[in-house]
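Now for the letters of each chain:
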2 protein chains.
Amino acid sequence: MMDTTTFSALAEPTRLRMVEVLKNGPLSVGEIAEQLGLRQPQASKHLRVLLEAGLVEVEAAANRRNYRLRTEPLQALDAWLEAYRKMWNERFDNLDEYLRHLQSKDKE
Amino acid sequence: MMDTTTFSALAEPTRLRMVEVLKNGPLSVGEIAEQLGLRQPQASKHLRVLLEAGLVEVEAAANRRNYRLRTEPLQALDAWLEAYRKMWNERFDNLDEYLRHLQSKDKE
DNA sequence: TTTAAATATTCCTTGACGGGAATATTCTTA
DNA sequence: TAAGAATATTCCCGTCAAGGAATATTTAAA
């Protein structure tokens, strides 16, 4: 069963934006705060949550701390979704079948 | 940009379990409550959140209300993940490339 | 070694969320 | 129409998360 940690972390709009910004590559706290219009302490606090959720990792570089996105939790999410993908594919197949049915009737 | 509603709804363990149980098909409130060991009011309350998040839909059948999983929000999640799938595929490609590199060195 | 920049942490307050218990609502059936 | 089953809602309470402000910590540079 899927753990809710990833969902909780991403349920906060600011943190979701952080993840999206980090998609383009690692950034320092200051850069993240600037891009999102946050005060530095709030940026640090949210990054801490993301860190504890395993969604980011840190690398200290001199004065700065660079945060990089980790894909593992997202891959887990992806795997969790697998079971549900079957659902909508299945439904699409049904629709597809129905459309074929209509079409064959059309020929008559 | 992805909406956080789906994440919020799934961040609650009980609601996540509800979604997973509903994967097998629609269930009434009472059935859901029973399967998850919940009191009926709590089940109704959580189902309301899922309903407002668009993760389930209801169909009234006599005395009962049958809740069915809706895949749209999950499909949106799936689409959102697409951008990140590229990341880990890319990384895998790099590893792959590296292994090929090692192998070609091996031949020397 | 003092100063300054970058980042993390703490304290405080407020608002949202979840559970429990009781009650209201809806629909069926006698 | 009254009674009962299934479900929804309300009220209360405790907890927790998030923002603001201030401060601590770490590291570089003068």
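Residues numbered from 1 in each chain as written. Chains lettered and ligands numbered in written order. Predicted model: local features only at pLDDT ≥ 70, side-chain atom pairs only at ≥ 80, totals over all residues. Heavy atoms only, no water.

Per an unreviewed UniProt entry, chain A carries the name Transcriptional regulator, ArsR family and comes from Paenibacillus jilunlii.

Participant: Mind laying out the protein's contact with DNA strand D, listing which residues take part and the relevant values?
Facilitator: The immediate surroundings of DNA strand D are formed by 21 residues, with K45 and H46 of chain A together with Q40, S44 and Y67 of chain B found nearest. The protein-proximal atoms of DNA strand D, defined as those within 4 Å of the protein, are 60% sugar or phosphate. In this structure, a base oxygen belonging to DNA strand D sits 2.7 Å away from a side-chain N or O atom of K45 of chain A. Note that a phosphate oxygen of DNA strand D is positioned 2.6 Å from one of the side-chain N or O atoms of Y67 of chain B. The residue makeup of the surface near DNA strand D, split by class, is 5 nonpolar, 8 polar and 8 charged. (Near = heavy atom within 4 Å. Polar contact = N/O pair within 3.5 Å; in protein donor to acceptor, adjacent residues only side chain to side chain. Nonpolar A, V, L, I, M, F, W, Y, C, P; charged D, E, K, R; others polar.)

Participant: Go over the interface of chain B and chain A with me, naming the residues and quoting the values.
Facilitator: Counting residues at the interface gives 28 residues for chain B, matched by 28 residues for chain A. Between chain B and chain A, the buried area comes to about 2,800 Å², and carbon and sulfur atoms account for 72% of it. Scanning the region where chain B abuts chain A turns up 2 salt bridges. The closest approach of N and O atoms between D78 of chain A and R85 of chain B, which form a salt bridge, is 2.8 Å. The tally of links between chain B and chain A comes to 4 residue pairs in polar contact (both at pLDDT 80 or more). At the level of elements, α1 (5–10), α2 (13–22) and α5 (72–107) of chain B are the ones that each hand at least two residues to the side of chain B that touches chain A. By residue number, the principal contributor to the side of chain B that touches chain A is α5 of chain B, which donates 12 residues. Residue classes in the side of chain B that touches chain A are distributed as 17 nonpolar, 4 polar and 7 charged. (Contact = heavy atoms within 4.5 Å. Buried area = accessible area lost by both parts, 1.4 Å probe. Salt bridge = Lys/Arg side-chain N within 4 Å of Asp/Glu carboxyl O. Helix = DSSP H or I, 4+ residues; strand = E, 2+ residues; numbered from the N terminus.)

Participant: I'd like a rundown of the protein's contact with DNA strand C, residues and numbers included.
Facilitator: Residues in contact with DNA strand C amount to 21 residues; listed here are only the nearest, Q40, S44 and Y67 of chain A together with K45 and H46 of chain B. Among the atoms of DNA strand C close to the protein, meaning within 4 Å, 58% are from sugar or phosphate groups. Between S44 of chain A and DNA strand C, the recorded distance is 2.6 Å, taken from a side-chain N or O atom to a phosphate oxygen. Between DNA strand C and K45 of chain B, the relevant distance is 2.7 Å, taken from a base oxygen to a side-chain nitrogen or oxygen of the residue. Those elements giving two or more residues to the surface near DNA strand C turn out to be α3 (29–36), α4 (40–52) and β3 (64–69) of chain A together with α4 (40–52) of chain B. When the residues that make up the surface near DNA strand C are grouped by side-chain class, the tally is 5 nonpolar, 8 polar and 8 charged.

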